[in-house]
Amino acid sequence: MTAPPLTPTGIRFANIEKRYGTLYALRRVSLEIRPGEFVAFAGRNGSGKTTLLRIAARLVRASSGSMSFQGPSGETTDSAPRTGFVAHATMVYDELSAEENLLLFARLQGIADPGARARALLEEVGLSERRNSLVRTFSRGMRQRVAIARALLNEPSVLLLDEPATGLDPEGITWLANTLGRMRDEERTVLMSVHGESAISALATRAVRLEAGSVVADTRAGSDRHAILTLASA
Amino acid sequence: MATLADTTVLLGKELRTEFRSRELLTTTVVFILVVLVLFSFTFDPSLGDPRRFGPGLLWLSFLFAASLMLQPCFLREQNNDTLSALRLSVRDPFSIFLAKLAANTLFLLLTEVLMLPVFAILYNVHILAVFLQLVLVLFLGSLGVAIPGTAFSAISAQARMRELMLPLLLLPLLTPVLIASTEATGALLDANPVLRADGLGFLVGFDVVFLTALWLFGEYLLEE
């Protein structure tokens, strides 16, 4: 099975605001994410990390401002990139087996050989022996593995992860860190919300801290990046 | 073409999950059965009453059963935020509606056809000679219930008073469908059965108008 060609993709958020009634989830957020950049978003609960990721996934429309995707040379592209999204919720069906879930989404995404791709990913996330079990019989960590497998189905150029280590055991976290490390090396763009410094957040090449919907710190430097990530967990 | 392909895949998922849990089918069959049995005691089956009131009661029970069936249709997608996963995966969001609409119509029609013999026995009406025409009326009526029902289910799933919202929005809108379906069914159960073209024409028109509206505006109903 040949992988679809990877198009390095950047994301530009320009003065993004999101309001829910009178509550501001995001206030004039402007960020330029370079193609292949691995960004960790830190911040306390309710700081706007999830909303920003959902806007990047085009699941939520910004109240004002704009978001656009950029090609490798910085040119704005009209077509949306292949996107993988791991949210707080698992985004998989409890009444379907792990394999049925992956097959469903692989078919919807037009993947050439959905069966082979689903089986390969289940093998990768360590669930091949339980592939025919209904997801509702899985532990939280196992569900999270299925969720991550679902997000990786289309070999995304942009991967959006909302606290992806939720429920994973140490072995799962190591596997996730290795997978994300590989994606970073392949220059896939990764946007991830984190809580504190960990093996996964250590992969980030850039750290952005949000507070009450605004960007209050943004750095690519090593020591500052560490400070931003640890400050968020305080 | 992509819309149809995605709809087929999603319809397969809807059927698989429902036939695995049988949650909706069981609820609606039991509901319609209880209503039909209870009302059958209020008529003398040897008189003309069942023919006069039967079709109305039949469609009332179908309508309330449908509102029970339609409620969880999008609510189920919220449990694990699977609606977001679908929105990220499908090429045309209308395919999500089409699949749910097809599944709802199919489940409703299946329930209705299962209940027809019970209705015929309890209300002493003859349905065999007009069975196919009855199924046509049931299909068009069920589609008329399912199209706005599926749309309102998407709206109410995101609302605060979701349990109250769906029947509140749906029932007034479906009154014309209920009247047309009842009259068409009544005409078929008459001593001289006739397939009423005006009733069928109205149902087809209603279905086409609301399906077009859903195609045009459905995408906005899925947004958060």
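All values derive from a computational prediction rather than experimental measurement. (Residues numbered from 1 in each chain as written. Chains lettered and ligands numbered in written order. Predicted model: local features only at pLDDT ≥ 70, side-chain atom pairs only at ≥ 80, totals over all residues.)

## Quick word on the environment of phenylalanine 217 of chain B
Residues and elements named next belong to chain B.
Okay, so step 1: Among the secondary structure elements, phenylalanine 217 is positioned in helix α8 (residues 197–221).
Okay, so step 2: Taking the C-beta count within 10 Å as the criterion, phenylalanine 217 has 10 such neighbours and is therefore assigned exposed.
Okay, so step 3: For the pair formed by phenylalanine 217 and leucine 109, sequence separation is 108 residues and the distance between their alpha carbons is 26 Å. (Helix = DSSP H or I, 4+ residues; strand = E, 2+ residues; numbered from the N terminus. Buried ≥ 20, exposed ≤ 12 C-beta atoms within 10 Å, placed from the backbone.)

## A word on the sheet that holds strand β4 (residues 64–70) of chain A
All names here are of chain A.
Okay, so step 1: Spatial ordering of the open sheet is given by β2-β1-β4-β5, a layout of 4 strands whose pairing is antiparallel. At either margin of the open sheet sits one strand with a lone partner, and together these are β2 (23–33) and β5 (76–77).
Okay, so step 2: Pairing analysis gives 6 bridges linking strand β1 (residues 10–20) to β4, with the strands arranged antiparallel. Residue pairing across strands places alanine 14 opposite serine 66, the latter belonging to β4. (Pairing = 2+ DSSP bridges.)

## A closer look at the sheet that holds strand β8 (residues 189–193) of chain A
Residue and element names in this part refer to chain A.
Okay, so step 1: Taken in spatial order, the 6 strands line up as β6-β7-β8-β3-β9-β10 in an open sheet, and their pairing is mixed. Strands with a single pairing partner mark the edges of an open sheet, and in this sheet they are β6 (83–86) and β10 (214–219). Recorded for the sheet is a direction-independent mean angle of 15° between the axes of neighbouring strands. (Axes fitted to C-alpha atoms, helices over the stretch in contact; angles between N-to-C directions.)

## Some thoughts on the environment of isoleucine 155 of chain B
Residues and elements named next belong to chain B.
Okay, so step 1: Tracing the sequence through the fold places isoleucine 155 in helix α6 (residues 131–157).
Okay, so step 2: Isoleucine 155 sits in the partly exposed class, given 16 other C-beta atoms within 10 Å.
Okay, so step 3: Measuring from C-alpha to C-alpha, the distance between isoleucine 155 and valine 118 comes to 35 Å, with 37 residues separating the pair along the chain.

## Re the confidence of the model for chain B
All names here are of chain B.
Okay, so step 1: The predicted model of chain B averages 90 in pLDDT, with 100% of residues at 70 or higher.
Okay, so step 2: Taken element by element, the predicted model of chain B shows its lowest mean pLDDT in helix α3 (residues 49–79) (87) and its highest in helix α4 (residues 82–89) (94).
Okay, so step 3: The ipTM assigned to the predicted complex is 0.88, against a pTM of 0.88. (pLDDT = per-residue confidence, 0-100.)

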